[in-house]
Each structure stands twice: as structure tokens, then as C-alpha cells.
Amino acid sequence: MEQKIKAYKAFDKDLSYRGFKYEVGKEYEETGDIKACEKGFHACPYPLDVFGYYAPARSRFCEVEQSGQIDDSESDKVCSSKIRIGAELDIRGLVKAAVSFVKERCTNECNADPGKPATAGYRGAATAGYGGAATAGDRGAATAGDYGAATAGDSGAATAGDYGAATAGDSGAATAGDSGAATAGDRGAATAGYRGAATAGYRGAATAGDSGAATAGDRGAATARGKASTGSNGLSVARGNNVQVKGGIGAILVIAEEGEDTCDIVDWKAVLVDGEVVKADTWYRLENGELVEVD
């Protein structure tokens, strides 16, 4: 029987990889000798490893199936002669897949007792109930209930409920519920709900819900329905009522004001932070269609 491997692949915004454009639902085949980093189709069995190759802020991701000739000599990716492009996933989908990946491969005796702190080692999975604290090592998955705190190491996934705090290391993904705080390192993805705060490092992606605040480092992307901030060459997008944006030199700022009683856009503007017309590291709001500095 032909070996089939479930994996995850990152693409550019147009679903291309190294100049070749893929399509969801199609299968592709490479002939000849297959060798990792040289020839064949590459994908990562562990979902969050894709962030090590493509930053979340400017990429798209799909679940894939690899088959045919297989070279799995690399530690974080598999090379194959055949690949089928499956469903496209957003950041939340990747986080969910990462948590499932780890939990399927390990157990933790603390998981069965909600409310107790749960700690797992390298590649472990830690789950704590309502008000609990969960900590997992590198590439681990940590989940905590409402008011809980979840921490995962590099390439890990941390999820906390409402009012919780989720922290993941470089290339990790952190998700927190309403009024929660999510923090991810370089190339990581941080998502927080209503009134939450999301922070991601260099080339990271930060998303916050209504009245929330999103901050991303240089070349990152921050999206919020409150306040959005990025470093140099980043992207800040804010939409809502009385929203604000700022960014470093070379960043693109997009701000959209909605109607008082609707979600319809009544005015919007996109600008480049050049340091002269639009100042760096300065908060702006939209007034009568023009950017105005916030005192």
C-alpha cells in the first residue's frame, strides 16, 4: 500500500510556491529522484513548522497529502513526489491542527483533573480546566480554561479562554478569548478576541477583535477593530469606530471608519509611512477622510 502523509504547506498570497501556482483540490507529481531541499514537494507534518519557512503575515496555508517517493530525512519537513492540495486553513485552523497533532502523540496524567496545573515536557501536551494553568515545552500544545494561563515553547500552540493569557515562542501560535492577551514570538501568530490584546514579533501576525489592540514587529501585520501597530515595513489595518493605526518607516497603514449604527464603511484611507508626510511610530485616526495625529 502506498504511504500517505498528512502535512501542511505554506504558500505566497497567490497560492504559489517558488514561482509555481497551485490550486486547492488538485494533485501534482514530480518525476525523477526525490531529495529533500533539492527536488520534490515539501510540506511540514507539524502544522506550526510552516512558520519557519513562511511568515504568517503574508502567507496562505493548506492541509496536504503527500505520497509516492518519500524523503523524510529532514527533521521538520517531508519531501515527496506526489502532493494533493487540501483545504486552506487560517491561523486558527493551524493552531487547532497543532494541538491535535501533539495530543495524538502523547498523554499527560494531569489532563484528567480540571483545575489542576498541567505541565508537559518537550513536544508534550498540557491541558488545564477552568482557572487552571497549562505549560508545554518546545513544540508542545498548552490549553487553559477561562481565567487560565497557557504557555508553549518555540513552534508551540497556546490557547486560553476568556480573560486568559496565552503565550507561544518563536514561530508559535497564541490564541486568547475575549478580554484575553495573546503573545507570540518572531514569525508567530497571536489572536485575541473582543477587547483583547494580541502581540507578535518580527514578521508575525497579530489580530484583535472589537475594541482590541494588535501589535506586530518589523515586517509583521496587525489587524484590529481598535488600535493596530506594526514596526518598519509592516502592515497595520484598523476598522471600526474611532480606530487608530501607527507603524514604522516603510509600513502601510490602512484605516476604515464604520457608521455609528452599522458595520458599513463610511470612509477609509491607505498611506505609506515615509517619515515626512506620515510620521513613524505615531498614532493616527481618520477625520473627514484624512489622517490626523492623535494627541
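**Concerning the overall build of the protein chain**
Step number 1: When helices and strands are counted, the protein chain shows 1 helix and 26 strands.
Step number 2: Relative to its length of 295 residues, the protein chain is compact, with a C-alpha radius of gyration of 20 Å against a globular reference of 19 Å.
Step number 3: The principal-axis extents of the C-alpha atoms in the protein chain amount to approximately 65 × 50 × 30 Å.
Step number 4: For the protein chain, buried positions account for 50% of its 295 residues.

**Observations concerning the layout of surface pockets**
Step number 1: Reported here for the largest pocket is a volume of approximately 260 Å³.
Step number 2: Taken together, 17 residues line the largest pocket, and the ones lying closest to its centre are P56, D90, I91, A205 and T207.
Step number 3: Listing elements by their share of the lining of the largest pocket, those giving two or more residues are α1 (91–103), β17 (189–192), β19 (205–216) and β20 (221–230).

**Considering the packing of aromatic side chains**
Note on aromatic pairs: each is described by the distance of the centres and the angle between the planes.
Step number 1: Under the counting rule described, the total for this entry stands at 7 aromatic pairs.
Step number 2: Ring plane angle 75° and centroid distance 5.0 Å describe the contact between Y22 and Y28, whose orientation is recorded as edge-to-face. As far as burial versus exposure is concerned, Y22 and Y28 are alike and both buried.
Step number 3: Following the ring pairs from residue to residue traces out a cluster consisting of F11, F20, Y22, Y28 and F41.
Step number 4: Over the face of the ring belonging to F11 we find K9, whose NZ or CZ atom lies 5.9 Å from the ring centre.
Step number 5: Above the face of the W283 ring, K227 is positioned so that its terminal group lies 4.4 Å from the ring centre.

**As for the pairing of strand β26 (residues 290–293)**
Step number 1: Across 4 bridges, strand β25 (residues 284–287) lies against β26 in antiparallel orientation. Looking across to β26, one finds that R285 is bridged to V292.
Step number 2: Counting the residues that bridge the hairpin from β25 to β26 gives 2 residues, and of these N288 lies at a positive phi of roughly 55°.

**Examining unusual backbone geometry**
Step number 1: For R203, which is not a glycine, the phi torsion comes out positive at approximately 60°.
Step number 2: Considering the arrangement of structural elements, one finds R203 in the loop between β18 (197–200) and β19.
Step number 3: Positive phi, normally seen in glycine, also occurs at R219, with a value near 65°.
Step number 4: The topology assignment puts R219 in the loop between β19 and β20.

**Examining the environment of V266**
Step number 1: Here V266 shows up in strand β24 (residues 265–272).
Step number 2: Expressed as a C-alpha distance, the spacing of V266 and A256, which sit 10 residues apart in the sequence, is 7.7 Å.
Step number 3: Apart from the residues within four sequence positions on either side, V266 is in contact with E257, E258 and G259.

**Examining the pattern of salt bridges**
Any two side chains of opposite charge can pair, given that their charged atoms come close.
Step number 1: Within this structure, the stated rule accounts for 11 salt bridges.
Step number 2: In this structure, the salt-bridge partner of K269 is E290, at a minimum N-O distance of 3.6 Å. Here the residue K269 occupies a position in strand β24, and E290 occupies one in strand β26, the gap between them amounting to 21 residues.
Step number 3: The partly exposed category is assigned to K269, whose relative accessible area is 24%.
Step number 4: It is possible to trace a salt-bridge network through shared partners that takes in R225, R239 and E258.

**A closer look at the environment of A97**
Step number 1: With respect to the element layout, A97 can be found in helix α1.
Step number 2: Judged by relative accessible area, A97 falls into the buried class, the value being 15%.
Step number 3: For the pair formed by A97 and A157, sequence separation is 60 residues and the distance between their alpha carbons is 9.5 Å.
Step number 4: Those residues within four positions of A97 in sequence are excluded, and the remaining contacts are Y8 and P47.

What counts and how
- Residues numbered from 1 in each chain as written.
- Predicted model: local features only at pLDDT ≥ 70, side-chain atom pairs only at ≥ 80, totals over all residues.
- Heavy atoms only, no water.
- Helix = DSSP H or I, 4+ residues; strand = E, 2+ residues; numbered from the N terminus.
- Rg over C-alpha atoms; globule rule 2.2 N^0.38 Å.
- Buried < 20%, exposed > 50% of the residue type's maximum accessible area, 1.4 Å probe, protein only.
- 1 Å grid on protein atoms, 1.4 Å probe; cavity = no way out; pocket = protein on both sides within 12 Å on 5 of 7 lines; lining within 4 Å.
- Points joined across faces, edges and corners; volume = space filled by probe spheres on them.
- Phe/Tyr/Trp six-rings, centres within 6.5 Å; stacked < 30°, edge-to-face > 60°.
- Lys NZ or Arg CZ within 6 Å of the ring centre and 35° of its normal.
- Pairing = 2+ DSSP bridges.
- Contact = heavy atoms within 4.5 Å.
- Salt bridge = Lys/Arg side-chain N within 4 Å of Asp/Glu carboxyl O.

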